[in-house]
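# Examining the three-dimensional arrangement
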Amino acid sequence: MLQGMRDDEELGRVTLAEVAQKAGVSISTVSKVLNGRQDVAAPTRIKVERLLERHSYRRTTRAAREAPLIELVFHELDSIWAMELIRGVENVAKAHQASVVLTESGTRHAPDPDWIEGVMQRRPRGVVLVFSALPAEVKARLRSRSIPFVIVDPAGGPEPDVPSVGSANWNGGLVATRHLLELGHRRIGIITGPDDMLCSLARLDGYRSALSMAGIQADPELVRYGDFHVEGGFKRALELLDLPEPPTAVFAGSDLQALGVLEAARVRELRVPQDLSVVGYDDVPVAQWASPALTTVHQPLREMAEEAVQMLMRLSVQEPVTTRLELATSLVVRKSTAPPAL
């Protein structure tokens, strides 16, 4: 421990002794805060944390190199696309002889406040987070321990000071809708994601832009906000199909929602694609095994995760990285779309 303290003192802009003196605590207390120990009173911990941040204190990353561990944090692990991200992280971690630990925490916007205490104890080489944003305090505490982090962000647009990997959501909405227009559909419904997620709004904007380019006025009745899950897609699809003038095609903002649309069509005794065309989003493995196989927008989830870990590895050795990397989306045409019935 004493040698670790001396290493830190040499690398930091202030020494542990100076931080301890300013905080009015012992050096061992500062060391406990640095190592994420729980046996420090909250006011003391906060005071020490603020001093470390104020003086841009950075501890050595030697310990992280000795025990390479990458932490992958989701707000939910039961989604299909989560498995694609996990595979991507594991692919690159394995190449760097690093282990992966999975953590489920928080909402789709940020991890739970108490997550940071656990990660301070685990001291991973780096953290990959599947969230839209991080609270300022979380970013500060990770940086104070020299724990790099990258957001894999299929959901929105993180702050410019946060390294992140995303995909071209607006273009995805555009190509999906343009495909249906080229088939001859003019009354096209959309079930995007939650209205507080930027990816949902970007896909919706792409949909509206495609309609506008085709000289078609977007009908608000044909717009529904879902939850990216099967049940939400099913409920919103029933609303669309029960309209006095139902759509002849539906663009679903996720493959899971598209599966819900397929079930809604079956319940309403509509044939896909003869009576209703359906386009999904993500291109998760289940899409090609749906009945009929889903036409969908390919979101490179595995590649996004791989790029995030590559960024993380560069950050761990203090190499510069591109703050925001956005991968391309593309349309995969299968059997769930066809020209509208005459």
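Residues numbered from 1 in each chain as written. Predicted model: local features only at pLDDT ≥ 70, side-chain atom pairs only at ≥ 80, totals over all residues. Heavy atoms only, no water.

Attention now moves to the overall build of the protein. Within the protein one finds 13 helices and twelve strands. The buried share of the protein, reckoned over its 342 residues, is 53%. Long-range pairs, those at least 24 residues apart, make up 72% of the contacts in the protein between residues at least 6 apart in sequence. About 15300 Å² of surface is accessible on the protein, with carbon and sulfur atoms providing 51% of the total. (Helix = DSSP H or I, 4+ residues; strand = E, 2+ residues; numbered from the N terminus. Buried < 20%, exposed > 50% of the residue type's maximum accessible area, 1.4 Å probe, protein only. Contact = heavy atoms within 4.5 Å. Areas by Shrake-Rupley, 256 points an atom, 1.4 Å probe, with all protein chains shown as cover.)

As enumerated under the stated definition, the model contains 13 salt bridges in all. Among the salt bridges present, the one from E117 reaches R141, with a minimum N-O distance of 2.8 Å. Residue E117 is located in helix α7 (residues 115-122), and its partner R141 is located in helix α8 (residues 136-144); the two are separated by 24 residues in the primary sequence. For E117, a relative accessible area of 16% translates into the label buried. One connected set of salt bridges, linked through shared partners, spans E84, R87 and R302. (Salt bridge = Lys/Arg side-chain N within 4 Å of Asp/Glu carboxyl O.)

Turning our attention to the sheet that holds strand β9 (residues 277-282). Think of a sheet as strands paired side by side through backbone hydrogen bonds, with each pair either parallel or antiparallel. Taken in spatial order, the six strands make up an open sheet running β7-β6-β8-β9-β10-β12, and their pairing is mixed. Each of the sheet's edge strands pairs with one partner strand only, and the pair in question is β7 (223-225) and β12 (330-332). For this sheet, the mean angle separating the axes of adjacent strands, direction not counted, is 20°. Taken strand by strand, helix α9 (residues 169-183) contacts β6 (188-192), β8 (249-252), β9, β10 (295-298) and β12, and its axis lies near 165° from that of β9. The strands touched by helix α12 (residues 255-267) are β6, β8, β9 and β10; relative to β9, the strand with the most contacts, the crossing angle is about 160°. (Pairing = 2+ DSSP bridges. Axes fitted to C-alpha atoms, helices over the stretch in contact; angles between N-to-C directions.)

Glancing now at the packing of aromatic side chains. Per the counting criterion, the structure on display carries one aromatic pair. Seen in terms of ring centroids, F251 and Y281 are 6.3 Å apart; in terms of plane orientation they differ by 40°. Their pairing is tilted. With F251 in strand β8 and Y281 in strand β9, this residue pair connects regions lying 30 residues apart in the sequence. The residues F251 and Y281 share a single accessibility class, namely buried. Above the face of the Y281 ring, R203 is positioned so that its terminal group lies 3.7 Å from the ring centre. (Phe/Tyr/Trp six-rings, centres within 6.5 Å; stacked < 30°, edge-to-face > 60°. Lys NZ or Arg CZ within 6 Å of the ring centre and 35° of its normal.)

The topology assignment puts Q257 in helix α12. A polar atom in the side chain of Q257 sits 2.9 Å from the backbone nitrogen of D227. (Polar contact = N/O pair within 3.5 Å; in protein donor to acceptor, adjacent residues only side chain to side chain.)

A few words on the environment of T177. Tracing the chain through its elements places T177 in helix α9. Looking at T177, the relative accessible area reads 0%, which means it is buried. For the pair T177 and L204, spaced 27 residues apart in sequence, the C-alpha separation works out to 9.8 Å. When near neighbours in sequence (up to four residues on either side) are disregarded, T177 contacts I188, Y207, A210, L211 and F251.

Here we come to empty space enclosed by the protein. Unoccupied space between atoms shows up once a probe the size of one water molecule is rolled over them. A complete count under the given rule lists two cavities of 30 Å³ or more for this structure. Considering only enclosed or pocket space, the second largest cavity measures out at about 40 Å³ in volume. Those elements giving two or more residues to the lining of the second largest cavity turn out to be α6 (80-95) and α12. Residue classes in the lining of the second largest cavity are distributed as four nonpolar, one polar and two charged. (1 Å grid on protein atoms, 1.4 Å probe; cavity = no way out; pocket = protein on both sides within 12 Å on 5 of 7 lines; lining within 4 Å. Points joined across faces, edges and corners; volume = space filled by probe spheres on them. Nonpolar A, V, L, I, M, F, W, Y, C, P; charged D, E, K, R; others polar.)

Time to look at the packing of α6 against helix α13 (residues 301-316). Look at α6 against α13: their axes get within 7 Å of each other, and the N-to-C directions meet at 40°. Considering the angle they form, α6 stands oblique to α13. In this structure, the crossing between α6 and α13 has a hand that is right-handed. Between α6 and α13, the contacting residues are W81, E84, L85, R87, G88, V89, N91, V92 and A93 on the first element and L301, R302, A305, E306, V309 and Q310 on the second. Here the residues of the contact of α6 with α13 are counted per class, giving eight nonpolar, three polar and four charged. (Parallel < 35°, antiparallel > 145°, perpendicular 65-115°, else oblique. Left-handed = near helix turned anticlockwise from the far one by under 90°.)

This next bit is on the sheet that holds strand β3 (residues 126-129). In spatial order, the strands read β2-β1-β3-β4-β5-β11; together these six strands make up an open sheet with parallel pairing. Each having just a single partner strand, β2 (99-104) and β11 (324-327) make up the two edges of the open sheet. Strand-to-strand twist of the sheet, defined as the mean angle between neighbouring strand axes without regard to direction, takes the value 20°. In this fold α13 packs onto β1 (69-74), β3, β4 (149-152), β5 (164-167) and β11, with an angle of close to 165° to the strand it touches most, β4.

Purely geometric stuff here, so don't read any function into it on its own.
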